[in-house]
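Notes for the structure review
Read off the chains here:
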Amino acid sequence: MKRLSLLLAVALGLATAVSARPTVIECWFVEDAGGGKLAKKPAALLLRQGAESPPLRPDLAPERYLKIHDPAGALQAAFRQYPRDAPAPRCEMSLYVPLPASAKWLSGLTPEQSCPRALDGTWLMVSMSSPFLSLSSLLRPQSEPQPEPALITMATAVLTVFTHTPTPRIPMGQDALLDLSFAYVPLTPKAPSLAPGPPPFGLEWRRQHLGKGHLLLAVTPGLNGQVPAAREGAVAFAAWDDDEPWGPWTGNGTFWLPAVRPSQEGTYLATVHLPYLQGQITLELAVLKPPKVALTPAPLVWAAPGEAPPELLCLVSHFYPSHGLEVEWELRGGPEGRLQKAEGQRWLSALRHHSDGSLSLSAHLQLPPVTSEQHGARYACRVHHPSLSALGRSAEVTLQVAAAYLTTQNSMEKKTE
């Protein structure tokens, strides 16, 4: 099953060329220092290693220098699409305490409130974030570090949750597809008390707003309990990828939200629940709509020598969001024959809000009096916005100076006689 999934991914072009996956990830171990303060200590994760011994790290305490045992291959899969030239992700590590999930709809995962003895001992939670990856992994370190030549602690990645799209930018009105993968390695494989096959799990997607998480979707594959109804048409493709009897297992919790609106952008929290274990990642969804640009009067604006042309009005309409919008006025041609900033008094109107959440405004330019030499110059309104390329979008008008226009017409008539 795993081999078939890999072949399909390659065939669909979803598997990119393997990048230079990091060998070591530098982290910070974060702990409570008392008095409402946090203390940070350096740590590192050794993700992969050849036949040679682990690199010596005398700057790290052995319990904070971890060699990761990843039977499910989740960490390597998470970094498979990581760009070669991208900075390493930010990494933090902290202590973790296994607990049953608090939500009532997840009570079927933990019929007994006390954690099994197999979960006793130290647990660590690792969180990584970058524009290309958001990852959370629960690690079970060994009680004692390995001996020399390099003092290092072995740790097993038990539950790993990650996404390759931590900052999705979705055009307004289109569907949002937020990918989510996870992997689980049972600590006691083939235990007599465990049924073969992947365990039931819970998946929830929330949107963070004003400090509160609003539940959008909850599913519990493998359980028969009731879950809250999905909101806003949300759907999740929640399932294990394989059904091997004793693991490890990989799963999918990709989230689909139809026809996104500006009110739906923000922080999304995806949480995978297993009995007494939870892995959560964060995504920042942005909604974008490119502006329409129109300039009036168009395509020509008239003026007599020594007089100011009519006010130019640039309509920038139905865009989102408001931040990042810039309007520039350009002069092309004219006496100097080059592109330059247009002179004149300029101002912007207030934002106008539309029922679909998009915005509009108008930019104004009052030009100074013109001369005959400016005949044929073009004035452009150029708009920059996060939804547009670096060049932005523009509209232009051509200046017609009356005396120069008449002179040109007379010259043309004489040539035709």
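Parameters at a glance
- Along each chain, residues carry numbers from 1 onward, in the same order as the chain's sequence is written.
- With the structure being a predicted model, the display of local features is reserved for residues of pLDDT at least 70 and the display and counting of side-chain atom pairs for 80 or more, all residues being used for whole-chain, interface and lining totals.
- The basis for every side-chain value is the complete set of heavy atoms in the structure, and neither hydrogens nor water enter the calculation.
- A pair of strands is treated as paired once DSSP finds two or more bridges between them.
- Only DSSP runs of H or I reaching four residues or more are called helices, and only runs of E reaching two or more are called strands; each is numbered from the N terminus.
- For helices, the fitted line uses only the C-alpha atoms of the stretch in contact; every axis is such a line through C-alpha atoms, and the angle between N-to-C directions lies from 0 to 180 degrees.
- What makes a nonpolar core is a set of buried Ala, Val, Leu, Ile, Met, Phe, Trp, Tyr and Cys residues whose side-chain atoms join them at distances within 4.5 Å.
- Summary of the burial criterion: residues with accessible area below 20% of their type's maximum are buried, those above 50% are exposed, and those between are partly exposed, where the area comes from a 1.4 Å probe applied to protein chains only.
- Note on definitions: a residue-residue contact is assigned when non-hydrogen atoms from the two residues lie within 4.5 Å.
- Here, two cysteine sulfur atoms that lie within 2.5 Å of each other are counted as a disulfide.

**A look at the sheet that holds strand β16 (residues 277-288)**
- Taken in spatial order, the five strands make up an open sheet running β8-β16-β15-β11-β12, and their pairing is mixed. Looking at which strands have only one partner, the edges of the open sheet turn out to be β8 (169-171) and β12 (212-219). This sheet shows a mean twist of 30° between the axes of neighbouring strands, independent of strand direction.
- Relative to strand β15 (residues 266-274), strand β11 (residues 202-209) is paired through seven bridges, and the arrangement is antiparallel. Residue R207 lies in a different strand from β15, and its bridge partner there is Y268.

**Focus on the nonpolar core**
- Core analysis: the biggest nonpolar cluster contains 64 residues, and W205, F255, Y268, L277, L312 and W329 have the highest contact counts within it.
- Element by element, the count of residues in this core is highest for β16, at five residues.
- Those residues in contact with W329 that lie beyond four places of it in its chain are L295, L312, C314, Q340, K341, A342, R346, A363, H364, L365, A380 and C381.

**Digging into the state of the cysteines**
- A complete count under the given rule lists two disulfides for this structure.
- Each sulfur of the disulfide joining C27 and C91 lies 1.8 Å from the other. Judged by the sign of its S-S torsion, about 65°, the bond between C27 and C91 is right-handed. Of this pair, C27 sits in strand β1 (residues 24-34) while C91 sits in strand β4 (residues 90-95); the two residues are 64 residues apart in sequence, bridging distant segments of the chain. Side by side, C27 and C91 carry an identical accessibility label, which is buried.
- Here C314 pairs with C381 through a disulfide, and the sulfurs are 2.0 Å apart. Residues C314 and C381 are joined by a disulfide whose S-S torsion is about -75°; by sign, that bridge is left-handed. Taken together, the residues span a long stretch of sequence, with C314 in strand β19 (residues 312-319) and C381 in strand β25 (residues 378-384) at a distance of 67 residues. With respect to burial, C314 and C381 carry one shared label: buried.
- When the bonded cysteines of the protein are counted from the start of the sequence, the pairing works out to 1-2, 3-4.

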